[in-house]
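The residues making up each chain are set out below.
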Amino acid sequence: MGYKKAYRGIDISLYQGEPDFRAVKNAGMDFVILKASQGRTAEYNAPFEDPKFRTNVKRLSSQGGLYAGAYHYFCARNEKEADEEADFFIKLVSEYRFDLQLWAALDVEDSGFLPSDKAKLTALVARFCGKVKAAGLRPMVYANSWWLDSRFDSPAGVPVWEANWSSGKLPERCRMWQYSSTGRVGGINGNVDMNVAFDIIGDANSDGSVDMKDVIRVIRSVSGWDVKIDESQADVNSDGYVNMKDIIQTIRTLGEDGK
């Protein structure tokens with residue numbers, strides 16, 4: 001797979017309330033993925049925000065210490081609905097793009113709304129992820145192993161966040177593995193989803209991996225060269241600036257991994 005630096009994290013929605021993120025960090029977590037939005041419900045036929053999303057982004061920003069991303073729960077039945085959901089998610093997440101350094105993920109698991117036809121669902125997932133990428137965000141696809149094997153094909157070049165609570169080992173195809181739904185972490189009352197992810201920060205050149213190419217790109221940017229970088233990824237210490245401190249931290253991380 002090629003990824004070496006592992007990070008521990010959780011994903012949350014309104015059901016985890018308003019966590020104490022300092023306590024979550026002190027419990028050994030490195031990142032959190034927040035539910036931002038959902039396509040629809042049986043009672044409400046339009047995209048809507050997770051009620052705790054904005055509050056928790058602000059709490060993360062003030063409490064610090066955790067990398068963060070967001071996800072959307074997919075319910076599109078056709079191209080029109082996929083576009084509506086993508087546009088809603090992109091607009092919402094883009095307000096906090098510098099607080100959310102990680103992925104803008106698509107949660108594909110709803111058997112009530114999503115098409116049963118594999119080719120149709122594959123096309124809708126690709127359409128959503130394409131719009132996310134075109135907006136300058138970092139798409140990712142979440143699903144359990146059965147959905148990934150049977151219900152759709154994940155888009156080429158889009159990393160996979162795979163849920164498998166029984167395998168006991170990392171699935172080969174995933175960049176992030178959700179290995180439990182019954183974790184317990186300080187700062188959160190009740191169960192929470194547990195994850196391990198790889199090379200989540202430092203991909204300044206947006207090629208899908210973290211290596212010395214990213215270090216060189218950031219050095220050139222800091223030195224005044226006219227080069228493009230992903231600033232949220234390049235700010236590895238999350239202090240709001242991209243500078244030599246980030247370069248040094250990335251080099252140290254690569255050294256620890258032997259890259």
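Structure's up top.
Residues numbered from 1 in each chain as written. Predicted model: local features only at pLDDT ≥ 70, side-chain atom pairs only at ≥ 80, totals over all residues. Heavy atoms only, no water.

## A word on the pairing of strand S8 (residues 176-183)
Thought 1: When strand S7 (residues 160-163) meets S8, the two strands line up parallel, connected through three bridges. Bridge assignment links Ala 163 to a residue of S8, and that residue is Gln 178.
Thought 2: Pairing analysis gives five bridges linking S8 to strand S9 (residues 192-198), with the strands arranged antiparallel. Each bridged residue has a counterpart across the sheet, and for Met 176 the counterpart in S9 is Ala 197. (Pairing = 2+ DSSP bridges. Helix = DSSP H or I, 4+ residues; strand = E, 2+ residues; numbered from the N terminus.)

## Remarks on helix H3 (residues 79-94)
Thought 1: Over its 16 residues, H3 runs 22 Å from end to end, which matches the ideal 22 Å to within 8%, given 1.5 Å per residue.
Thought 2: Every buried residue of H3 is accounted for by Glu 81, Ala 82, Asp 83, Glu 85, Ala 86, Phe 89, Ile 90, Leu 92 and Val 93.
Thought 3: Against strand S2 (31-38), strand S3 (48-49), helix H2 (53-63), strand S4 (67-73), strand S5 (104-107) and helix H4 (118-134) lie the buried residues of H3.
Thought 4: For H3, the N-terminal capping position is held by Asn 78, with its side-chain oxygen 3.2 Å away from the main-chain nitrogen of Lys 80. (Expected span 1.5 Å × (residues − 1). Buried < 20%, exposed > 50% of the residue type's maximum accessible area, 1.4 Å probe, protein only. Contact = heavy atoms within 4.5 Å. Polar contact = N/O pair within 3.5 Å; in protein donor to acceptor, adjacent residues only side chain to side chain.)

## Quick notes on the nonpolar core
Thought 1: If you look at the biggest cluster of nonpolar residues, it comprises 50 residues, and the most contacted ones within it are Ile 10, Phe 74 and Val 108.
Thought 2: Every residue in contact with Phe 74, bar those within four places of it in the chain, is listed here: Ala 82, Glu 85, Leu 106, Asp 107, Val 108, Asp 110, Leu 114, Leu 121, Leu 124, Val 125 and Phe 128.
Thought 3: Listed in part, the 17 residues of the second largest apolar core include Tyr 67, Trp 103, Ala 105 and Ala 163. (Core = buried A, V, L, I, M, F, W, Y, C linked by side-chain atoms within 4.5 Å.)

## Some words on the packing of H3 against H4
Two quantities define a packed helix pair, namely the angle between the axes and the distance from one axis to the other.
Thought 1: Packing of H3 against H4 leaves a shortest axis separation of 9 Å and a crossing angle of 30°. It follows that H3 is roughly parallel to H4 by the angle criterion. Crossing handedness for the pair H3 and H4: right-handed. Residues Glu 79, Ala 82, Asp 83, Glu 85, Ala 86, Asp 87, Phe 89 and Ile 90 of H3 pack against Leu 124, Arg 127, Phe 128, Lys 131 and Val 132 of H4.
Thought 2: Its residues assigned to classes, the contact of H3 with H4 shows seven nonpolar, no polar and six charged. (Axes fitted to C-alpha atoms, helices over the stretch in contact; angles between N-to-C directions. Parallel < 35°, antiparallel > 145°, perpendicular 65-115°, else oblique. Left-handed = near helix turned anticlockwise from the far one by under 90°. Nonpolar A, V, L, I, M, F, W, Y, C, P; charged D, E, K, R; others polar.)

## Considerations on the packing of aromatic side chains
Thought 1: The full count for this structure, using the stated rule, is nine aromatic pairs.
Thought 2: Ring centres of Tyr 142 and Trp 161 lie 4.7 Å apart, and the angle between their planes is 70°; on these two criteria the pair is classed as edge-to-face. Here Trp 161 lies in strand S7 and Tyr 142 lies in strand S6 (residues 139-144), a separation of 19 residues in the sequence.
Thought 3: Here a set of aromatic residues connected by ring pairs shows up, and it is made of Tyr 71, Tyr 142 and Trp 161.
Thought 4: The ring of Tyr 7 is capped by Lys 5, whose NZ or CZ atom sits 5.7 Å from the centre of that ring.
Thought 5: Over the ring of Trp 147 we find Arg 151, and its NZ or CZ is 4.1 Å from the ring centre. (Phe/Tyr/Trp six-rings, centres within 6.5 Å; stacked < 30°, edge-to-face > 60°. Lys NZ or Arg CZ within 6 Å of the ring centre and 35° of its normal.)

## Digging into helix H6 (residues 212-222)
Thought 1: Taken together, the buried positions of H6 are Asp 214, Val 215 and Val 218. End-on, the buried residues of H6 take up no more than an arc of 100°, which puts them together on one face.
Thought 2: The N-cap residue of H6 is Asp 211: its side-chain oxygen and the backbone nitrogen of Lys 213 are 3.0 Å apart. (Arc of directions from axis to C-beta.)

## Some points on the pattern of salt bridges
Thought 1: One pass over the structure, following the stated rule, counts 16 salt bridges.
Thought 2: Arg 40 is the partner of Glu 85 in a salt bridge, and the nearest nitrogen-oxygen pair spans 3.1 Å. Of the two residues, Glu 85 is situated in helix H3 and Arg 40 in the loop between S2 and S3; the sequence distance between them amounts to 45 residues.
Thought 3: A salt bridge links Arg 127 to Asp 83, with the nearest nitrogen and oxygen atoms 2.8 Å apart. Highlighted residues: Arg 127 in helix H4 and Asp 83 in helix H3, separated in sequence by 44 residues.
Thought 4: According to the relative accessible area criterion, Arg 127 is partly exposed, its value standing at 33%.
Thought 5: Each of Arg 40, Arg 77, Glu 81 and Glu 85 takes part in salt bridges that share partners, so that together they form one network. (Salt bridge = Lys/Arg side-chain N within 4 Å of Asp/Glu carboxyl O.)

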